[in-house]
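Examination of the molecular architecture
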Amino acid sequence: MNNNANNRDLELLRIVAIGSVDDGKSTLIGRLLHDTGLIYRDHLEALPKSDTSPEEVDLAFLTDGLMAEQEQGITIDVAYRYMAASKRRIIIADVPGHEQYTRNMVTGASTAHLALLLIDARKGLLEQSKRHLFISSLLGIPHILIAINKMDLVDYDEQVFQDICRDVIDFAKKLKIRDLQFIPVSALKGDMVVSRGDKLDWYTGRTILTYLETLEVTGDLNLIDFRLPIQLVLRPNQDYRGYAGTIEGGSVKVGEEVTILPSKETTRIKSISVGGEKRKYAFTPQSVVVTFDDEIDASRGEVIARTNNIPHTANVFEAFICWMDSVRLETKQTYILKHCYKSTRCTISTLEYKLNVNTLHRQKNTKTLKFNEIGRVQIETSSPIFFDSYEQNRNMGNFILVDEATNHTVAAGMILPKLHSKGSSLSQKPPQKGGVIWFTGLSGSGKTTIADRVFKELKKRNIPCERLDGDILRDSVTSHLGFSKKDRELNVNIAGFLAERLAAHGVIVLATFISPYRKDREQLKERIGNFTEIYVNAPLEVCRSRDVKGLYKQVQEGQITSFTGVDSPYEPPESPDLEIQTDQDSLDDSVSLFMEWFEKKNFSGN
Amino acid sequence: MSIKYYLSYLQQLEAESIHIIRETMAEFAKPVVLYSIGKDSSVLMHLVQKAFYPAKIPFPMLHIDTGYKFQEMISFRDHYAKKNGADLIVYKNESDEAQHLGPDEAHTDHYIYHKKTKPLLEALAKFGFDAAIGGARRDEDKARAKERIFSHRNKFNVWDPKNQRPELWHNYNCQIHKGESMRVFPLSNWTEIDIWRYIKEENIDVVPLYFAKKRKVVSRKGLYLMINEFVQPHDDEEVLDIMCRYRTLGCSPSTGAIPSEATTLDLIIEEMCSFDTSERQTRAIDATSSNAMEKKKRDGYF
């Protein structure tokens, strides 16, 4: 067994494999496990021989575990399979693709980093595959890989592959999909699954296995918005009150100020422990116990968050739900809604429309949802829940509905960003107040790198923002300006003007300019008002050694003169709003530092 | 302070298991943890301790004793419970029917039902446990691969594999009616090698039978059975004295040892990587039919 005995630093990748009855999905997974040597001999020997070629065992039987499945030759339920690749451990949720079991697909997809979707090369993009694509996007799976299978049955024809890719891309344009990739394969013969084979020479991309081993997933974690819903309160004795739970987003440090919802009481984190070991910090998805500086009486279902970055509180909200029970939705009926660790009664106050998952058509004036149907609804709960939109945080934005009489899980729900503030809605995010965040520092100190990353973080959180720097301006409005002192001043002035106008309309402007003169920056501050100064600080030698744009080299060779820090002065801010020392902190740390400052600064309107 | 936001997969599995264990405690009135003394049970108990630290283990441990377990297992069990101050319940089917079943029948479905499944169901009913946490893993068997982490049982303790509740995100539906129960499997996503690596990393005690040592065995029906109070050599059997160890532990008369030189955890992990058969291969009880596990599970077996 290839089990990477010596590598304990493996990453975990959760994938969901989706395909219809005949797409050959079980065969593909069987092939992956078989060709990576992950199938034990006794399991292999127990397999029946394949119908089509008697020498080959039927790999599909490896995953079809239940008696009824083997009798009917279909996959009924989600099966979990485990693979060890060279850099990661892979959990495969193998789900059936036929219509009546869509609920299983939602089940398998809910925790996945990647959807592996199978399409039969002979059949192309069927309605079924469209449904799979839609559900993958609805469930917010960050990466989708389309395996176009049975290439052996279409003579490994590149045109067939290209046509299907085009059809999929056309359809996917209507959906929210971040990352879509294609690989031609023959699961039966093994081409492009683990080994390349010799029939698909025209295809130069990765094999399925290489793709699974190299897919970048750590960046998908939301490490900014700290959320710790309380799962359990531990009280071993009178002097200890620990709050146990799984961090569902972001990270937290000892000493940080936090707010508990719904009481809005604030306190500081006194200690953090993971499995009984003391830690200085913890992050998602760790299961932790925290204690507070103050005696606060919080209980299961309440949420701990950072004071200036708390989730929404509401008892009326909108969501997509996927109905999963044979008994249809009744809008007047009461259901139990479980969100994080809180169970509360609810009703579906409005069924806005039913979505045809094959055509994406919205059917209004609908009264109910049947098994496997998806609808957009408004839900009213008997007591408020503390949530983020599903788009922003899958853990804080999901819920299940349970029928009180049967205890069946009747629906899976994904909360939408838009909020209705009807009646007892407790709080809503105030509108954004604009502002200019001015990054100053030497060339090569890391202003642009940090600001670009911050820009992405703000975008993720739907905060209106814009980037401005010398290059951006010179590429557009100020291309006629040179590098004389006068032209530079003009460039900075134009930047200041644009930044001011954008900020006045609620935009956070991330401006990165060397802006060496203290006086210039002070003038900007006076003019703009909501102006904060970030000093990106690194010693000249460090900046020189980085020399991202090759400017220091040109200075050395005499091609540039009057260069800030070398033969022209730089006046560091006397009291910047934040100083980031990029020679000491990593990029990740610098961005975290900034985001923490940003949250405390509270740019939102109140 | 430089911060690393990286968890190895073992740390992720640990976090997931702790989450599941805590959720069971929070949602059920009277949970119990099924303790089988094997390596998976050792890992499970370790995670249970972590989940509630600094509080004590908040529920009892239940061991269903067939009467034919290895002596080494029984002493390990008692030592563990004493050392950790755990509330250990040992339950046995004392009925005549069960008493009649001797060591030679230990591999039969009949034996499993009367010695394991029936007393388990009796014990759950007697103490009124509404959730039973077990150490089963999905990689053990293809029927287990399809079972939910929170697996519902009706009032007859029957598992209905075709009507399982969908399990979404980590949001578990723990609602049950009176008389029904939940089986909970926090180690669902762990594989055999993960268990050993975690035992190594966390320095967890396991029954010494897992380590290779010279042991007196007979070869019977394809298994190396250790000579002890329940297994005596037949006249035509040769007693072998070989270096061997156990890959899984069950009833002594139906669990075979494997020839092995692995005397340390490192050697066990190294050996694991060279195996080409599954661990259940050393258990005679699973061999009775190809869907043996699913049938046993439907009856109420763990």
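Definitions and limits used
Residues numbered from 1 in each chain as written. Chains lettered and ligands numbered in written order. Predicted model: local features only at pLDDT ≥ 70, side-chain atom pairs only at ≥ 80, totals over all residues. Heavy atoms only, no water. Helix = DSSP H or I, 4+ residues; strand = E, 2+ residues; numbered from the N terminus. Contact = heavy atoms within 4.5 Å. Areas by Shrake-Rupley, 256 points an atom, 1.4 Å probe, with all protein chains shown as cover. Buried < 20%, exposed > 50% of the residue type's maximum accessible area, 1.4 Å probe, protein only. Pairing = 2+ DSSP bridges. Axes fitted to C-alpha atoms, helices over the stretch in contact; angles between N-to-C directions. Polar contact = N/O pair within 3.5 Å; in protein donor to acceptor, adjacent residues only side chain to side chain. Arc of directions from axis to C-beta. Expected span 1.5 Å × (residues − 1). Parallel < 35°, antiparallel > 145°, perpendicular 65-115°, else oblique. Left-handed = near helix turned anticlockwise from the far one by under 90°. Nonpolar A, V, L, I, M, F, W, Y, C, P; charged D, E, K, R; others polar.

Looking only at helices and strands, chain B features eight helices and ten strands. Taking the contacts inside chain B whose residues are at least 6 apart along the sequence as the reference set, 73% of them involve residues at least 24 apart. Element-wise, carbon and sulfur atoms account for 50% of the exposed surface of chain B, whose accessible area totals about 11600 Å².

The next point concerns the overall build of chain A. Across its full length, chain A carries 14 helices and 28 strands. Taking all 606 residues of chain A together, 58% fall into the buried category. Contacts spanning at least 24 positions in sequence make up 72% of the contacts within chain A whose residues lie at least 6 apart. Summing over all exposed atoms, chain A offers an accessible surface of approximately 25400 Å²; the carbon and sulfur share of this is 48%.

Attention now moves to the sheet that holds strand β6 (residues 181-184) of chain B. Residue and element names in this part refer to chain B. One open sheet holds the six strands; their spatial order is β3-β2-β1-β4-β6-β5, and the pairing between them is mixed. In this open sheet, the two strands that pair with only one neighbour each are β3 (88-91) and β5 (150-153). Neighbour-to-neighbour, the strand axes of the sheet open up by a mean angle of 30°, direction not taken into account. Bridge count between β5 and β6: four bridges; the pairing is antiparallel. Bridge pairing in β6 links His-152 to Met-182. Of the strands in this sheet, β1 (31-34), β2 (61-64) and β4 (131-133) touch helix α2 (residues 39-52), which is tilted by about 145° from β1.

Let us look at the environment of Ser545(A). All names here are of chain A. Here Ser-545 lies in helix α12 (residues 540-546). Note: C-alpha distance between Ser-545 and Gly-444 (101 residues apart in sequence) is 8.7 Å. Side-chain polar atoms of Ser-545 contact the backbone oxygen of Val-542, separated by 2.7 Å.

Attention shifts here to the sheet that holds strand β27 (residues 531-537) of chain A. The strands making up a sheet associate through hydrogen bonds between their backbones, and the pairing can be parallel or antiparallel. All names here are of chain A. An order of β25-β26-β24-β27-β28 is seen for the five strands of this open sheet, with the pairing classed as parallel. Two strands bound the open sheet, and with one partner strand each, they are β25 (465-469) and β28 (578-581). Neighbour-to-neighbour, the strand axes of this sheet turn through a mean angle of 20°, independent of strand direction. Along the sheet face, helix α8 (residues 447-460) touches β24 (435-440), β25, β26 (508-512), β27 and β28 and points at about 165° away from the line of β25. Here helix α14 (residues 587-601) sits on the sheet in contact with β24, β26, β27 and β28, set at roughly 170° to β28.

This part takes up helix α11 (residues 518-528) of chain A. Residues separated by three or four positions in an α-helix point in the same direction, a consequence of the helix having 3.6 residues per turn. All names here are of chain A. Looking at α11, one finds that the buried residues are Asp-520, Arg-521, Leu-524 and Ile-528. Buried residues of α11, seen end-on, are gathered within an arc of 95° and therefore sit on one face of the element. In α11, the exposed residues that point more than 90 degrees away from the buried face are Lys-519 and Glu-526. In this structure, the buried residues of α11 make contact with β24, α10 (485-504) and β27.

For the rest of this paragraph, the subject is α8(A). All names here are of chain A. Between its first and last C-alpha, α8 extends 20 Å over 14 residues, near the 20 Å set by a 1.5 Å rise per residue. The inward-facing, buried residues of α8 contact β24, β25, β26, β27, β28 and α14. Two residues or fewer past α8, Asn-462 is found with a positive phi of approximately 60°.

Right, let's get into the packing of helix α6 (residues 192-202) of chain B against helix α7 (residues 265-272) of chain B. Residues and elements named next belong to chain B. Where α6 meets α7, the closest approach of the two axes is 10 Å, and the angle between their N-to-C directions is 165°. On the basis of the axis angle, α6 is roughly antiparallel to α7. α6 and α7 meet at a crossing whose hand is left-handed. Judged by residue contacts, Glu-192, Ile-193, Trp-196, Arg-197, Ile-199 and Lys-200 of α6 engage Leu-265, Asp-266, Ile-268, Ile-269 and Met-272 from α7. Broken down by class, the residue content of the contact of α6 with α7 amounts to seven nonpolar, no polar and four charged.

Looking now at the pairing of strand β8 (residues 223-226) of chain B. Residues and elements named next belong to chain B. In this sheet, β8 lies alongside strand β7 (residues 213-220) in antiparallel orientation, the contact comprising four bridges. Among the inter-strand pairings, Arg-220 is bridged to a residue of β8, identified as Leu-223. Taking the residues between adjacent antiparallel strands as the criterion, β7 and β8 are bridged by two residues, where Lys-221 takes a positive phi near 50°.

To continue, consider unusual backbone geometry. That bond from Thr284(A) to Pro285(A) is cis: its omega, 0°, falls within 30 degrees of zero. Inspection of the secondary structure puts Pro285(A) in the loop between β14 (281-283) and β15 (287-292). Here the residue pair Tyr53(B) and Pro54(B) is connected by a cis peptide bond, since its omega of 5° sits within 30 degrees of zero. Positionally, Pro54(B) belongs in the loop between α2 and β2. Even without a glycine there, the phi angle at Lys264(A) is positive, about 65°. Locating Lys264(A) in the fold gives a position in the loop between β11 (257-261) and β12 (265-274). Residue Lys264(A) is classed as partly exposed on the basis of its relative accessible area, which comes to 47%. Its identity as a non-glycine residue notwithstanding, Asn203(B) has a phi of 55°, on the positive side. Relative to the elements of secondary structure, Asn203(B) occurs in the loop between α6 and β7.

Right, let's talk about the side chain of Arg467(A) for a bit. All names here are of chain A. If you trace the backbone, Arg-467 turns up in strand β25. At a separation of 2.8 Å, a polar atom in the side chain of Arg-467 contacts the side chain of Asp-452. Among the polar contacts made by the side chain of Arg-467, one reaches the main-chain carbonyl oxygen of Leu-510 at a distance of 3.1 Å. In contact with Arg-467, not counting residues within four places along its chain, are Thr-448, Ala-451, Asp-452, Phe-455, Ile-472, Leu-510 and Thr-512.

Residues and elements named next belong to chain A. Counting buried residues along strand β18 (residues 335-339), five of its five residues qualify, which places the element largely inside the surrounding structure. Here β18 shows a buried face lined by Tyr-335, Leu-337 and His-339 and a second buried face lined by Ile-336 and Lys-338. In terms of strand pairing, β18 meets strand β22 (residues 398-403) through four bridges, oriented antiparallel. Counterpart to Tyr-335 in the pairing with β22 is Asp-403. Here β18 runs beside strand β19 (residues 342-355); their pairing, made up of five bridges, is antiparallel. Note on β19: the bridge partner recorded for Ile-336 is Arg-345. The turn joining β18 and β19, which pair antiparallel and follow one another in sequence, is formed by two residues; a positive phi near 50° is taken by Cys-340.

We now examine the packing of α10(A) against α11(A). Residues and elements named next belong to chain A. Two elements in contact, α10 and α11, have axes whose closest approach is 10 Å; the angle formed by their N-to-C orientations is 25°. Judged by the angle between their axes, α10 and α11 are roughly parallel. Every pair of crossing elements has a handedness; the one defined by α10 and α11 is right-handed. For the pair formed by α10 and α11, the contact residues are Glu-489, Val-492, Asn-493, Gly-496, Phe-497 and Glu-500 on the first element and Asp-520, Leu-524, Arg-527 and Ile-528 on the second. Of the residues contributing to the contact of α10 with α11, the split by class is four nonpolar, two polar and four charged.

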